[in-house]
Each structure stands twice: as structure tokens, then as C-alpha cells.
Amino acid sequence: MAHPEPLDDGEAASTGVMSFRRRLRCRECGYFRDETVGSAAVGGPVDPFFQRPVWLQASCCGRVLWAYNVRHLDLLAAYVAAKLRERGDLVAGAPASLVERLPTWLKTARNRAEVLRTIGRSRSTLPAD
């Protein structure tokens, strides 16, 4: 189960483009790979830097519910469970907050119970820290 992690803060290259040193590592087998990346492709069940499938994926409501890590699962659970949903914080340069970009099927009240059950099942697959 490989998890990407930051190595250093972003460094501005001479072109003004941000580059990020990232490490992909697996706690089970010890595999790791370091890479400097200048962009990320966010929005699907793949790691935005290494383009590898994320480990936390589960079938839900006829779709795939996925998360990058436990913090992502926590954010999804809190948003789906909330009776009053707030917009969330914007990230610099992002046109919308993360929760605004969630798919409609995940935000729909009629799917709330199944989504929360699936998040709970996904959480149970995580190794104990």
C-alpha cells in the first residue's frame, strides 16, 4: 500500500513554476520512489503525482468511492454526515473548494447512509498506527 508523502516544501524554479519533491512508499514491502513533480492531476482514484491507483477504493452506490488517506476519509465523512453543509476552505489557485467538486451522487441525502457505511469499511482496512 503505497502512500505519497511530501519531502520538502515547494520550491520555486527559475521559471516561477512550483516543483514538489514527493516520495511514494509502501510500509508493507519497503518500496519507495522519490520524484520531483511540477504538477498534479487531481480528480480521480489515482495519486495526483505518481498516477498510481489509490489504495482506498470501494464500490458505493454503483460508483467508486475513493480517498487519498485517512484525513481525506475524515473530510468526506464529516461533509456527508453534516446536516448543514458549508462550502469549505479554498486552496490558493483553486476555482472551488474540495467539497464543492465532490460528485452529486456522493452529496445526495438519499445516499448518505451507504456512503457513511462505505467510508467506515474503508477506514477498517487501514493499518493501525
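Fair warning: this is a prediction, and the values are worked out from it, not measured in the lab.

Analysis parameters
Residues numbered from 1 in each chain as written. Predicted model: local features only at pLDDT ≥ 70, side-chain atom pairs only at ≥ 80, totals over all residues. Heavy atoms only, no water. Helix = DSSP H or I, 4+ residues; strand = E, 2+ residues; numbered from the N terminus. Buried < 20%, exposed > 50% of the residue type's maximum accessible area, 1.4 Å probe, protein only. Contact = heavy atoms within 4.5 Å. Expected span 1.5 Å × (residues − 1). Polar contact = N/O pair within 3.5 Å; in protein donor to acceptor, adjacent residues only side chain to side chain. Salt bridge = Lys/Arg side-chain N within 4 Å of Asp/Glu carboxyl O. Axes fitted to C-alpha atoms, helices over the stretch in contact; angles between N-to-C directions. Parallel < 35°, antiparallel > 145°, perpendicular 65-115°, else oblique. Left-handed = near helix turned anticlockwise from the far one by under 90°. Nonpolar A, V, L, I, M, F, W, Y, C, P; charged D, E, K, R; others polar.

Asker: Even after reading the chapter, I still don't get the overall build of the protein chain, so can you show me in this structure?
Answerer: Looking only at helices and strands, one finds three helices and six strands in the protein chain. Starting at the N terminus and ending at the C terminus, the protein chain contains elements arranged as β-β-β-β-β-β-α-α-α. The buried share of the protein chain, taken over its 129 residues, is 30%. Sequence-distant contacts in the protein chain: of pairs separated by 6 or more residues, those separated by 24 or more amount to 39%.

Asker: Is there a simple way to think about unusual backbone geometry in this case?
Answerer: Most peptide bonds adopt trans geometry, and most residues besides glycine take a negative phi value. We note that Q51 has phi near 60°; this positive angle belongs to a residue other than glycine. Relative to the helices and strands, Q51 resides in the loop between β4 (32-37) and β5 (56-60). Despite not being glycine, C61 has its phi angle at roughly 55°, a positive value. Turning to its location among the elements, C61 is positioned in the loop between β5 and β6 (63-67).

Asker: Help me understand helix α1 (residues 70-81), please; the structure alone is not making it clear to me.
Answerer: Residues spaced three or four apart along an α-helix point in a common direction, a consequence of the helix completing one turn every 3.6 residues. Between its first and last C-alpha atoms α1 spans 16 Å; for 12 residues at 1.5 Å apiece the expected length is 16 Å, and the two agree. Looking only at α1, the buried set comprises H72, L73, L76, A77, Y79 and V80. Elements in contact with the buried residues of α1: β5, β6, α2 (104-107) and α3 (112-124). A side-chain oxygen of the first residue of α1 lies 3.1 Å from the backbone nitrogen of R71; this N-cap is N69.

Asker: So what exactly am I meant to see when it comes to α3 here?
Answerer: With 13 residues, α3 should cover 18 Å at 1.5 Å per step; its first-to-last C-alpha distance of 19 Å lies within 8% of that length. Its buried side turned inward, α3 meets β5, β6, α1 and α2.

Asker: Explain the pattern of salt bridges here, please?
Answerer: Side chains carrying opposite charge are able to pair once their charged atoms draw close together. Considering all chains together, one arrives at three salt bridges under this definition. With its nearest N and O atoms 2.7 Å apart, the salt bridge here joins E35 to R33. Given the relative accessible area of 28%, E35 is considered partly exposed.

Asker: Is there a simple way to explain the packing of α1 against α3 in this structure?
Answerer: Packed helix pairs are characterised by how far apart their axes lie and by the angle those axes make with each other. Look at α1 against α3: their axes get within 10 Å of each other, and the N-to-C directions meet at 160°. Looking at the two axes, α1 sits roughly antiparallel to α3. α1 and α3 meet at a crossing whose hand is left-handed. Contacts between α1 and α3 involve V70, L73, D74, L76, A77, V80 and A81 on the former and, on the latter, R112, V115, L116, I119, S122 and R123. A breakdown of the residues in the contact of α1 with α3 according to their chemical character gives nine nonpolar, one polar and three charged.

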